[in-house]
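What the coordinates show
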There are 4 protein chains.
Amino acid sequence: MNSFGNLLRLTTFGESHGPAMGGILDGMPSRVPFDAEAVQQALCRRRPGSGAGRSARKETDIIRILSGVSPEGLTLGTPIGFMIPNVDARPGDYSRLLRPNHADYTYEMKYGIRAVAGGGRASARETASWVAAGAMASMLTRPEGITIRAAVSGVGEWESAEPYSLLPLPAEAMEIVEKAGAAGDSVGGLVSCVVSGVPAGLGEPVFDKLHSRLAAAMMSINAAKCFEYGLGRKAARSYGSETADPFVLPPGASCPEPAGDFSGGIQGGISNGRDIRFTVAFKPTPTLMRDVESFDIEGNRGVIPARGRHDVCVALRAPAVVEAMAALVVADALLASRLPLKSRV
Amino acid sequence: MNSFGNLLRLTTFGESHGPAMGGILDGMPSRVPFDAEAVQQALCRRRPGSGAGRSARKETDIIRILSGVSPEGLTLGTPIGFMIPNVDARPGDYSRLLRPNHADYTYEMKYGIRAVAGGGRASARETASWVAAGAMASMLTRPEGITIRAAVSGVGEWESAEPYSLLPLPAEAMEIVEKAGAAGDSVGGLVSCVVSGVPAGLGEPVFDKLHSRLAAAMMSINAAKCFEYGLGRKAARSYGSETADPFVLPPGASCPEPAGDFSGGIQGGISNGRDIRFTVAFKPTPTLMRDVESFDIEGNRGVIPARGRHDVCVALRAPAVVEAMAALVVADALLASRLPLKSRV
Amino acid sequence: MNSFGNLLRLTTFGESHGPAMGGILDGMPSRVPFDAEAVQQALCRRRPGSGAGRSARKETDIIRILSGVSPEGLTLGTPIGFMIPNVDARPGDYSRLLRPNHADYTYEMKYGIRAVAGGGRASARETASWVAAGAMASMLTRPEGITIRAAVSGVGEWESAEPYSLLPLPAEAMEIVEKAGAAGDSVGGLVSCVVSGVPAGLGEPVFDKLHSRLAAAMMSINAAKCFEYGLGRKAARSYGSETADPFVLPPGASCPEPAGDFSGGIQGGISNGRDIRFTVAFKPTPTLMRDVESFDIEGNRGVIPARGRHDVCVALRAPAVVEAMAALVVADALLASRLPLKSRV
Amino acid sequence: MNSFGNLLRLTTFGESHGPAMGGILDGMPSRVPFDAEAVQQALCRRRPGSGAGRSARKETDIIRILSGVSPEGLTLGTPIGFMIPNVDARPGDYSRLLRPNHADYTYEMKYGIRAVAGGGRASARETASWVAAGAMASMLTRPEGITIRAAVSGVGEWESAEPYSLLPLPAEAMEIVEKAGAAGDSVGGLVSCVVSGVPAGLGEPVFDKLHSRLAAAMMSINAAKCFEYGLGRKAARSYGSETADPFVLPPGASCPEPAGDFSGGIQGGISNGRDIRFTVAFKPTPTLMRDVESFDIEGNRGVIPARGRHDVCVALRAPAVVEAMAALVVADALLASRLPLKSRV
């Protein structure tokens, strides 16, 4: 189904080239100051058409809040309905040919029909609603002192030695993107995320482990192929004797704390009070600036012509989406924790 | 909460050293032949105490089915309650000291209390119930021609060049485990899984993508640190021009099919009819044959003495659990698909 | 939360005097002809301002479908987002005084804030979204031969002797409403509903009994105070010997069928193939054409002046809502049944 | 499915004449003193075989708690697994003939199979698990000062003039039951329930209205045919001018309160701080001390012989079940409210 979250639940709708994207964020507590500007800014950050390696689709991404906020700007505790009209929809721009490695074929197999234009609901445009909802979730997490930041930590053959330092992309990496773009090609990438300030004790220990929820959230993002946290994939090469996070007793404290980050901020599915660190790998977009031979679902052969509107490296736009989904997960866990909320006035 | 799945939903209970583990599998269709022996065999495969690198706890893992099956051995369509008594429970075996990188500390922070003996619900013993339920889920998937197989594809510095060939573990890998065991150490590993025979069209396209569900399932397994499918983490290093799965029109067919496995059997969250391929990385167990200094939750210092009962390489026992969780995910998607079920008589 | 249904799930948003009401209907199968006109007609039937005993608020109730339908008018299998703009919103029309027997006080106690204008989300205007979604659900049930009809079966002291004949309201009943209206008073009523053509076998046997779902659905409607089905409240006065529905073997059939309607079409929570019959009692609206002394939440005393915009008998408008909620329940059960859907083309 | 509740969720299993009934109560907060004796006492109160008008089945109803409680008797915050062995199961006691107005026929139509013995999962024996879970839920509500009491308020032609006074059953009513029993007949009844001490603000305002949840809970009970709260069915005969609950400002208070009970303790789906009052009508059990002609599902005719084991008036045993389900609903709403819990130590 099209919902994400338990106590804070986002339900979305919208086809890429339909009238609008949008959703309902249910479960926002009442009396939280609603920062409409922050929502709009988050949408602008995600927006295509700005910078290298990004699709040329022009969307204003102006959000309209339809409910759930009082005239004074406080949440009412009722669901927040919102919509983001599709301004640059071009329904005629697309053919019925199946694009390789897209969702065209699988939608046909599942539904027997699909919104041909622009991938419909499988388009990355769907993530606009996620980013909007994530910005709302941040209204709960930020007052707790929780910060969520993501940055590109790998592009093609380049990979950051310090992925969780969240440094700006070096020239080396941008060159890889530009070179791929110039060749009409696309390239994959890594996005690393650090969630700081999460109190110890968030998350559920068995099936809704905090990292299971993060994994499900991140793997929902278009083009994501890998989720790892803490030691990550390297865990397989590690030895227990080298990866222990000992406990320390901070001066003056009566309760010990874990030191070290091998656990990635989560133990047994529950936050341990340290930074939560995870990385998502994104594949190169399969849409290239090259003619591609293909078929439609009835088996008619054709050629998908090279097109100008695509992202050379989807990872570059992904940090805003990664942050948004992380915010939804963490805010949901925060609500489940029954801790008093600092966000409420 | 302690439930997994939508239409086929497993809810579990049990502390590692309490009277029993167990669960309820709800949503099994009626009139499916119930293979009690297969359930017991799956449990035996997962059982500790057999072979190198495995904990010495002796559990018979005899399951008792409490409901949901007719005297003739057909499912009734009602929930299947089951329990697995804990035979070798040793409640006195454990101290209140917090084991590094375990869930001891985070349970204390979340609940203010914990089942001290053996990690309680955070113990890998919990996965016995998952394996039992997975074997039941396989009663739905196997008659569809779906096979689910997992095997260790990496241990320490060794990594298989063909992870999805599911080859037996080479001597080289076993040596790594034995060496670690002899040194009182532990080592991580990879488990790769191939799900064959899944019809195209299973899975949900947005938040419940088939690979999101698989990721959540796999990251629920104790010690899992990374989930990847298809191109996996290497996707970040890939170029679109090199990773396209073209469509082909099989002779005599009217509908094209994707050729190639870069997508890992899933496109846009929906199965494409090819093998589903994913890999999970497990960290080394943090319990070592060494004395460890630690604290209890009140800050009292102590030493956790070296112990004999632990897994040197949890990845070795993980394939049965990986298969079980995959079966639960695939069977759930199968039920959601509304396809007629071949398993029903 | 603001969602209803399992496989067919409606999530709604909207405050009575905010920009719009609306919702997302998730779970509609693909390739169902979407009858936009039927949706609009259902909304018109529910609309206030037409006829005796109804509020004078003027709403056009023009619905805008935002997603989920192909240009050719077939459902895509994706969520159907829709909105119904509030045209006749009058935010200034309302005071902060707490109206007796409304939700004003309890919203304040729960949320510490409320949408003062018109009851916000507690307004019966919310049911516009339900009626729209119910009309969509009917696109699934109608092709199965299922008909859902509700009618007023009681007003004040008048009560129909044949509630499930769904006869037009007699003059006697209309006089009761008019008299109450003329006196500035309001009056309660009964709405009876018959669901015909439901195949035997729909519904869940324990907690999601078909009549439990209907009860929850009906008690969600504003002003509903009682739900009964089959024998109803009179069951308490009945004897087993007088209320048995014997089985009969229809000529030529090999499978018996229940005869008689004491069960109200549901046995053990599951439809038995006969008409489903239930009745809902609605209280008189507490808003009267009289000045009412009250307080605001801070304890300031005041007088709520007599107003013109209210329903004398909410039961008169309720049949459209009762039918809509019944359609959502039955369509959801139909989807759960895994029967092939006749609605799909 | 076989689960009830959101944050406090009961999932049950068990056929009437299988090895055991049981369930998992998930969501119990940690550090709540677990009163095992109270659970056992609640089961004894519900137990058949004690007193007039009750089935002669002899069940000890000894519950076994399998998880979720520490050795010191505090909840762990983990799921509470429990089982109630079926001691007096008599699988041979039943024929394949379809009992009128039971679930036999509808189970066959839904599942194509059924546990023939004793109605399987449709047996009222299922409510043993509900009563056990309800007693656990009371461990949350009782420390809040919430009391939940139910009593029979009607039997056959007798109906209490003061149903919410919860008076003992008068001789007149007992005579009705005895007379019916002597005639081999059965008779319906009413059970009224009062929930006192619920703080204002519990419940959800739209689809999970507190009374919708109560209605769904009560209509889940075997033989329930009607749910009403507050004015109840009589609401249909009422006038607004006569049923207003005015607000009062208690001496010294700064916040007004509703006075009067026409709302039944719930306004707009949310508790208003006054007693919650509702009534459930139960039909007479369709099993009589008379031979009944019927068919099996293949259309073979036969006679169900008169039997000794049945309840003359199921309403007499229902109060324990009504209280249990109300406790589950109220405890769930309490958890959702985010109020601090007095039950935790």
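I will try to describe carefully the structure that is included in this document. (Residues numbered from 1 in each chain as written. Chains lettered and ligands numbered in written order. Predicted model: local features only at pLDDT ≥ 70, side-chain atom pairs only at ≥ 80, totals over all residues. Heavy atoms only, no water.)

1. A look at the relation of the copies chain C and chain B
- Least-squares fitting of chain C to chain B yields an RMSD of 0.0 Å, with the transformation described by 0.0 Å of translation along the axis and a rotation of 180°. What the rotation and shift describe, once combined, is the action of a two-fold rotation axis. Of the C-alpha atoms belonging to chain C, the one lying closest to the rotation axis is found on Arg-338 of chain C, 2.9 Å away.
- Here 100% of the interface residues in chain C have copies in chain B that are interface residues too; the copies meet face to matching face. (Least-squares fit on C-alpha atoms with pLDDT ≥ 70 in both. Contact = heavy atoms within 4.5 Å.)

2. A word on the relation of the copies chain C and chain D
- Note on the identical chains: chain C maps onto chain D by a rotation of 180° and an axial translation of 0.0 Å, with an RMSD of 0.0 Å.
- In this assembly, 100% of the residues forming the interface of chain C have copies in chain D that are likewise at the interface, indicating an isologous arrangement.

3. Looking at the packing of helix α1 (residues 36-46) of chain D against helix α3 (residues 127-141) of chain D
Residues and elements named next belong to chain D.
- Contact pair α1 / α3: the axes reach a minimum separation of 9 Å and the direction vectors enclose 140°. In terms of orientation, α1 and α3 fall into the oblique class. The two elements α1 and α3 meet at a crossing, and its hand is right-handed. Across the interface between the two elements, Ala-38, Val-39, Ala-42, Leu-43 and Arg-46 from α1 touch Thr-127, Ala-128, Val-131, Ala-132, Ala-135, Met-136 and Met-139 from α3.
- Taken together, the residues that form the contact of α1 with α3 break down as 10 nonpolar, 1 polar and 1 charged. (Axes fitted to C-alpha atoms, helices over the stretch in contact; angles between N-to-C directions. Helix = DSSP H or I, 4+ residues; strand = E, 2+ residues; numbered from the N terminus. Parallel < 35°, antiparallel > 145°, perpendicular 65-115°, else oblique. Left-handed = near helix turned anticlockwise from the far one by under 90°. Nonpolar A, V, L, I, M, F, W, Y, C, P; charged D, E, K, R; others polar.)

4. Some words on the interface of chain C and chain B
- In this complex, chain C contributes 6 residues to the contact, which on the side of chain B involves 6 residues.
- Note on chain C versus chain B: buried area summed over both sides is about 460 Å², and carbon and sulfur give 43% of it.
- At the boundary of chain C and chain B, one finds 0 salt bridges.
- Counting across the chain C and chain B interface gives 4 residue pairs in polar contact (both at pLDDT 80 or more). (Buried area = accessible area lost by both parts, 1.4 Å probe. Salt bridge = Lys/Arg side-chain N within 4 Å of Asp/Glu carboxyl O. Polar contact = N/O pair within 3.5 Å; in protein donor to acceptor, adjacent residues only side chain to side chain.)

5. Some words on the side chain of Arg-213 of chain A
Residue and element names in this part refer to chain A.
- If you trace the backbone, Arg-213 turns up in helix α5 (residues 210-219).
- For the buried Arg-213, which has no salt bridge, the nearest side chain bearing the opposite charge is Asp-208, at an N-O separation of 4.2 Å.
- Sequence-distant contacts of Arg-213, defined by excluding residues within four places in its chain, comprise Phe-4, Gly-5, Asn-6, Asp-208, Val-329 and Asp-332. (Buried < 20%, exposed > 50% of the residue type's maximum accessible area, 1.4 Å probe, protein only. Lys, Arg positive; Asp, Glu negative; His and termini not counted.)

6. Some remarks on the packing of aromatic side chains
- For the structure on display, the rule yields 20 aromatic pairs over all chains.
- Ring pairs connect the aromatic residues Phe-4 and Trp-130 of chain A together with Phe-207 of chain B, which therefore count as one cluster.
- If you follow Arg-213 of chain A out to its NZ or CZ, it ends over the ring of Phe-4 of chain A, 4.7 Å from the centre. (Phe/Tyr/Trp six-rings, centres within 6.5 Å; stacked < 30°, edge-to-face > 60°. Lys NZ or Arg CZ within 6 Å of the ring centre and 35° of its normal.)

7. Some details on the sheet that holds strand β1 (residues 3-4) of chain C
- The antiparallel open sheet is built from 5 strands, whose spatial order is β1-β2-β3-β7-β5 (chain C). Bordering the open sheet on either side are β1 and β5 (64-65) of chain C, each of which pairs with just one other strand. (Pairing = 2+ DSSP bridges.)

8. A word on the sheet that holds strand β3 (residues 20-26) of chain A
- The 5 strands lie next to each other as β1-β2-β3-β7-β5 (chain A), forming an open sheet whose pairing is antiparallel. At either end of the open sheet lies a strand with only one pairing partner, and these are β1 (3-4) and β5 (64-65) of chain A.

9. Quick look at the pattern of salt bridges
- Inspection of the entire model under this criterion finds 66 salt bridges over all chains.
- Between Arg-290 of chain B and Asp-185 of chain B there is a salt bridge; the shortest N-O distance is 4.0 Å. Here Arg-290 of chain B, found in the loop between β16 (276-282) and β17 (292-295), pairs with Asp-185 of chain B, found in the loop between α4 (171-182) and β10 (189-196); they are 105 residues apart in sequence, far enough to count as distant.
- Accessibility expressed as a relative area gives 7% for Asp-185 of chain B, which makes it buried.
- Here the salt bridges do not stand alone but share partners, grouping Arg-46, Glu-59, Asp-61 and Arg-125 of chain A into one network.

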